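What follows is the residue order along each chain.
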Amino acid sequence: LTASKIGDFLPQSSEYKLQSPRHQGPVVPHAPGQADPELGRIVGYVGSTGLSTGSHIHIETGDGYSPHDDAGKPIPQSVLNNIIVDGRALHAYNMTSGVGMRTHPVTGEQRQHLGYDYPIRMGAPIQLKGGLKYVNFHDAGSGGFGKSIMIQDDRGNNYIIGHLSKGPDPAT
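This is a predicted model, so every value here is computed, not measured. Starting afresh in each chain, residues are numbered from 1 along the sequence in its written order. The predicted origin of the model limits local features to residues at a pLDDT of at least 70 and limits the giving and counting of side-chain atom pairs to 80 or more, whereas totals for whole chains, interfaces and linings rest on all residues. In computing side-chain values, all of the structure's heavy atoms are included and hydrogens and water are not.

*Asks:* Would you explain the overall build of the protein in this entry?
*Replies:* Counting from the N terminus, the helices are DSSP H or I runs at least four residues long and the strands are E runs at least two residues long. Looking only at helices and strands, one finds one helix and 13 strands in the protein. Each helix and strand of the protein, ordered N terminal to C terminal, gives the series β-β-β-β-α-β-β-β-β-β-β-β-β-β. Scored against the burial criterion, the 172 residues of the protein give a buried share of 41%. Sequence-distant contacts, at least 24 apart, represent 60% of the contacts inside the protein between residues at least 6 apart. For accessible areas, the Shrake-Rupley method is used with a probe of radius 1.4 Å. Any residue's cover is judged against the shown protein chains and nothing else. About 9100 Å² of surface is accessible on the protein, with carbon and sulfur atoms providing 53% of the total. When a residue's accessible area, from a 1.4 Å probe over protein chains only, is under 20% of the maximum for its type it is buried; when over 50% it is exposed; and in between it is partly exposed. Contacts are assigned to residue pairs that have any heavy atoms within 4.5 Å of one another.

Now the structure itself:
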């Protein structure tokens with residue numbers, strides 16, 4: 001089983017309680033039909049970079065495009081706790097690739113990876129809470145992050161979430 005296919009085996013039931021090395025205990029989502037009052041609108045949906053990597057999202061610090069941004073710096077746990085994907089905090093999912101040198105899943109070359117990858121089912125909605133706010137949507141087509149959103153924490157730090165299938169739902 002390769003890391004690129006792990007997302008195919010993640011449970012899809014909202015009743016499933018995930019365990020993670022970074023989270024000591026079960027993650028219990030809200031009961032179906034009960035919205036978390038702190039969650040905002042849907043800001044994007046999980047996508048994929050292609051068949052070789054499966055459905056997943058990538059998150060990194062900075063804006064993802066500036067040559068001297070903060071890419072590759074650790075992402076605070078408070079940010080990972082407040083990105084909600086498919087009803088669960090992002091930190092509850094198992095990270096398949098972190099910051100550092102790795103074998104690129106497409107080219108097979110050793111390359112620096114500047115963010116965190118999480119295998120999550122295709123089309124899962126992404127929402128924000130806890131002081132995180134949506135900044136903008138970018139559609140780079142088939143290069144780089146592809147469709148991505150920029151978010152910002154309450155200290156003004158930017159984070160980019162890439163490999164989305166589509167951007168935000170219209171504001172209501």
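*Asks:* Which parts of the structure should I look at to understand the packing of aromatic side chains?
*Replies:* Centres within 6.5 Å are what make two rings of Phe, Tyr or Trp a pair, Trp counting through its six-membered ring; a difference in plane orientation under 30 degrees is then read as stacked, over 60 as edge-to-face, and the rest as tilted. In the structure shown here, the tally under the stated rule is zero aromatic pairs. Taking the ring centre of Tyr134 as reference, the NZ or CZ of Arg41 above it sits at 5.0 Å. Over the face of the ring belonging to Tyr45 we find Lys166, whose NZ or CZ atom lies 4.8 Å from the ring centre. A ring is scored as having a charge over it whenever the NZ atom of a lysine or the CZ atom of an arginine sits within 6 Å of its centre and within 35 degrees of its normal.

*Asks:* What am I meant to see in the side chain of Asn82 here?
*Replies:* Looking at the secondary structure, you find Asn82 in helix H1 (residues 77–82). Identification of polar contacts relies on pairs of N or O atoms within 3.5 Å, with a donor-acceptor requirement for protein atoms, meaning one able to donate a hydrogen and the other able to accept it, and with residues adjacent in sequence counted only if both atoms are side-chain atoms. There is a polar contact of 2.7 Å between the side chain of Asn82 and the backbone oxygen of Ser78. Asn82 has contacts with Gln127, Leu128, Lys129, Gly130 and Leu132, leaving out every residue within four places of it along the chain.

*Asks:* Would you take a moment to explain the environment of Glu38 for this structure?
*Replies:* Mapping Glu38 onto the fold places it in the loop between strand S2 (23–27) and strand S3 (44–48). Taking the C-alpha atoms as reference, Glu38 lies 5.9 Å from Lys129; in sequence the two are 91 residues apart.

*Asks:* Whenever I open this one, the nonpolar core confuses me. Can you help?
*Replies:* Burial of nonpolar side chains together is a common tendency in soluble globular proteins. If you look at the biggest cluster of nonpolar residues, it comprises 23 residues, and the most contacted ones within it are Ile57, Ile83, Val85 and Leu90. Only strand S4 (55–61), H1, strand S5 (83–85), strand S9 (116–119), strand S10 (125–128), strand S12 (147–152) and strand S13 (158–166) provide two or more residues apiece to this core. Examining the composition of this core, we find that three residues originate from one element, S13, more than from any other. Filtering out sequence-adjacent residues up to four positions away, Val85 remains in contact with Val46, Ile57, Leu90, Tyr93, Ile120, Ala124, Pro125 and Ile126. By nonpolar core is meant a set of buried Ala, Val, Leu, Ile, Met, Phe, Trp, Tyr and Cys residues that side-chain atoms within 4.5 Å join together.

*Asks:* I keep staring at the confidence of the model for the protein and nothing clicks. Help me out?
*Replies:* For residues with low pLDDT, the predicted coordinates do not support detailed interpretation. Per-chain confidence: the protein averages 75 in pLDDT, with 69% of residues scoring 70 or above. A residue's pLDDT is the confidence the predictor assigns to it, expressed on a 0 to 100 scale. Note that pLDDT drops below 50 for residues 1–34; the model gives that stretch 52 contacts with residues more than four away or on any other chain.

*Asks:* It is not clear to me how the pairing of strand S8 (residues 110–113) should be interpreted in this structure. Could you clarify?
*Replies:* A regular strand places its side chains on the two faces of the sheet in alternate fashion. Pairing analysis gives four bridges linking strand S7 (residues 100–103) to S8, with the strands arranged antiparallel. Within the sheet, the bridge partner assigned to Arg102 lies in S8 and is Arg111. Linkage of S7 to S8, two consecutive antiparallel strands, is achieved through a turn of six residues, within which Gly108 is found at a positive phi near 80°. Only when DSSP finds a minimum of two bridges between them are two strands counted as paired.

*Asks:* How should I be thinking about the environment of Asp169 in this particular structure?
*Replies:* Mapping Asp169 onto the fold places it in the segment after S13. Sequence-wise, Asp169 and Pro125 are 44 residues apart; in three dimensions their C-alpha atoms are separated by 9.8 Å. In this structure Asp169 touches Arg41, Ile42 and Tyr45, once residues within four positions along its chain are discounted. In terms of polar contacts, Asp169 uses its side chain to reach the side chain of Tyr45, at 2.7 Å.

*Asks:* Looking at this structure, how should I read unusual backbone geometry?
*Replies:* Peptide bonds are, in most cases, trans, and in most cases residues other than glycine have a negative phi. In this structure, Asp86 takes a positive phi of about 55° despite not being glycine. You can see Asp86 is positioned in the loop between S5 and strand S6 (88–89). Judged by relative accessible area, which is 23%, Asp86 ranks as partly exposed. The backbone of His163 sits at a positive phi, close to 70°, despite the residue not being glycine.

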